[in-house]
Amino acid sequence: MEYTQLGRTGLKVSRLVLGTMNFGPQTDEATSHAIMDAALDAGLNFFDTANVYGWGTEKGRTEEIIGSWFAKDPAHREKVVLATKVYGNMGPDGEAWPNHDKLSAANIRRAVDASLKRLGTDYIDVYQFHHVDRLTPFEEIWQAIDVLVQQGKILYAGSSNFPGYKIAQANETAARRGSVGLVSEQCLYNLYERRAEMEVIPAAQEYGLGVIPWSPLHGGLLGGVIRKEVEGGRRATGRAAEVLADPAARARLQSYEDLLAKHGADPGETSLAWLLTRPGVTGPIIGPRTPDQLQGALRALDVELSDELLAGLDEIFPGPGPSPEAFAW
């Protein structure tokens with residue numbers, strides 16, 4: 001396993017991040033534990049979750065599954081860099097109750113204590129803002145975070161789904177307070193969706209944030225979806241089905257799969273390996289539903305992409321180009 005430092009911090013994390021969103025709704029507790037065992041055995045030490053994960057069963061269920069895994073062997077906790085998130089409504093009995101969502105000091109205080117209880121731990125390594133809160137000033141947010149750091153409940157703060165200007169705003173406010181500020185940004189970024197290259201990733205690099213891409217296969221589209229349709233009769237669903245309904249998008253994906261077939265490369269492994277070559281990327285989030293899917297993702301760490309293949313991928317999925325030249329002179 002390769003390790004790198006998370007942004008400008010001294011924290012060492014694996015180049016792949018174990019995403020746990022499927023734990024509970026898609027993957028039962030025993031299988032979730034088996035996946036975490038296998039991930040740790042492979043040296044993968046960065047685990048990501050969120051307080052709202054468990055949709056389809058109950059919010060918070062995913063954190064509970066991780067907590068029960070820690071309880072089985074307390075040594076696991078000290079080997080794992082644990083990240084969770086705050087923003088979504090966690091009101092009592094599933095109600096959208098006031099002050100049980102977003103990033104007010106009141107909700108941050110309540111949410112972190114609830115996450116710690118579900119996770120069965122006394123601290124969170126990276127506490128992430130799951131979305132931008134347009135109503136709460138960063139002065140209030142950082143005041144709440146500084147208290148949590150002083151109490152030892154969290155070590156670092158990160159963002160998720162932030163635009164570039166909010167990363168700048170957050171860290172400039174933190175600097176004025178003498179606070180550390182954001183150390184990571186979790187964003188949608190993959191071969192198919194490269195808009196983060198225009199503003200988000202440059203802002204993250206400028207302020208020393210590690211970039212953690214989510215949905216590296218873009219909902220399965222980059223995992224050989226057309227080939228699977230032809231060979232296995234597996235019909236795409238959800239976002240993948242919507243994209244494939246567009247003839248132009250389908251043609252691009254067919255060109256992508258043809259290119260990889262020419263090079264004898266696996267689509268899913270290639271998509272992950274491509275992200276590992278991108279400037280500023282700490283590691284993409286993988287979200288296996290089974291131990292076999294985890295092993296497939298781990299193989300991406302050994303994939304080397306030739307210059308010819310990288311050029312072909314850029315031709316099929318060109319990035320937006322640097323800002324401001326992408327939209328101005």
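Residues numbered from 1 in each chain as written. Predicted model: local features only at pLDDT ≥ 70, side-chain atom pairs only at ≥ 80, totals over all residues. Heavy atoms only, no water.

Draft legend 1. Representation of the overall build of the protein chain in the model. Helix and strand counts for the protein chain come out as 13 helices and 10 strands. The C-alpha radius of gyration of the protein chain comes to 20 Å, within 12% of the 20 Å expected for a compact globule of 329 residues. The dimensions of the protein chain, computed from C-alpha atoms along their principal axes, are 55 × 55 × 35 Å. Relative to its 329 residues, the protein chain shows a buried fraction of 53%. Partitioning the contacts of the protein chain with sequence separation of at least 6, the portion at a separation of at least 24 is 76%. Working note: accessible area of the protein chain is about 14,900 Å², and carbon and sulfur atoms make up 50% of it. Counting 32 positive and 43 negative side-chain charges, the protein chain places the averaged centre of each group 3 Å from the other. (Helix = DSSP H or I, 4+ residues; strand = E, 2+ residues; numbered from the N terminus. Rg over C-alpha atoms; globule rule 2.2 N^0.38 Å. Buried < 20%, exposed > 50% of the residue type's maximum accessible area, 1.4 Å probe, protein only. Contact = heavy atoms within 4.5 Å. Areas by Shrake-Rupley, 256 points an atom, 1.4 Å probe, with all protein chains shown as cover. Lys, Arg positive; Asp, Glu negative; His and termini not counted. Charge placed at Lys NZ, Arg CZ, Asp CG, Glu CD.)

Draft legend 2. Broad picture of the side chain of Arg-15. Within the secondary structure, Arg-15 is located in the loop between strand S2 (12-14) and strand S3 (17-19). The side chain of Arg-15 sits in the buried core without any salt bridge; Glu-2 is the nearest counter-charge, 4.3 Å away. Within the local environment of Arg-15, its side chain forms a polar contact with the backbone oxygen of Leu-276, the two atoms lying 3.3 Å apart. Only 3.2 Å separates the side chain of Arg-15 from the backbone oxygen of Val-281, close enough to count as a polar contact. In contact with Arg-15, other than residues within four places in its own chain, are Met-1, Glu-2, Tyr-3, Thr-4, Leu-276, Val-281, Thr-282, Gly-283, Pro-284 and Leu-301. (Salt bridge = Lys/Arg side-chain N within 4 Å of Asp/Glu carboxyl O. Polar contact = N/O pair within 3.5 Å; in protein donor to acceptor, adjacent residues only side chain to side chain.)

Draft legend 3. Highlighting the sheet that holds strand S7 (residues 154-160). Strand order across the open sheet formed by 8 strands is S9-S8-S7-S6-S5-S4-S3-S10, with parallel pairing between neighbours. The sheet is open, and its two borders are formed by strand S9 (210-214) and strand S10 (285-286), each paired with just one other strand. Where strand S5 (residues 81-86) and strand S6 (residues 124-129) come together, 4 bridges link them in parallel fashion. Paired with Val-86 across the bridge in S6 is Phe-129. On the sheet, helix H4 (residues 105-119) packs against S5, S6 and S7 and is oriented at approximately 135° with respect to S6. (Pairing = 2+ DSSP bridges. Axes fitted to C-alpha atoms, helices over the stretch in contact; angles between N-to-C directions.)

Draft legend 4. Fine view of the pattern of salt bridges. Taken as a whole and judged by the stated rule, the model has 15 salt bridges. Among the ionic pairs, Glu-63 bridges to Arg-118, the shortest N-O distance being 2.7 Å. Taken together, the residues span a long stretch of sequence, with Glu-63 in helix H2 (residues 61-72) and Arg-118 in helix H4 at a distance of 55 residues. The salt bridge partner of Asp-113 is Lys-153, with a shortest N-O separation of 2.8 Å. Here Lys-153 lies in the loop between helix H5 (138-151) and S7 and Asp-113 lies in helix H4, a separation of 40 residues in the sequence. Exposure remark for Asp-113: the relative accessible area of 34% places this residue in the partly exposed category. Where salt bridges share partners, they join Arg-194, Glu-197, Arg-278 and Asp-314 into one cluster.

Draft legend 5. Structural view of the packing of aromatic side chains. The tally for this structure, following the rule as stated, stands at 9 aromatic pairs. Ring geometry for Tyr-256 against Phe-317: centres 5.5 Å apart, planes inclined by 65°, an arrangement best described as edge-to-face. Taken as a pair, Tyr-256 in helix H10 (residues 247-263) and Phe-317 in the segment after helix H13 (307-316) lie far apart in primary sequence, 61 residues in all. Judged by relative accessible area, Phe-317 falls into the buried class, the value being 0%. Through pairs of rings, three or more aromatic residues link up here, namely Phe-129, Phe-138, Trp-142 and Phe-162. (Phe/Tyr/Trp six-rings, centres within 6.5 Å; stacked < 30°, edge-to-face > 60°.)

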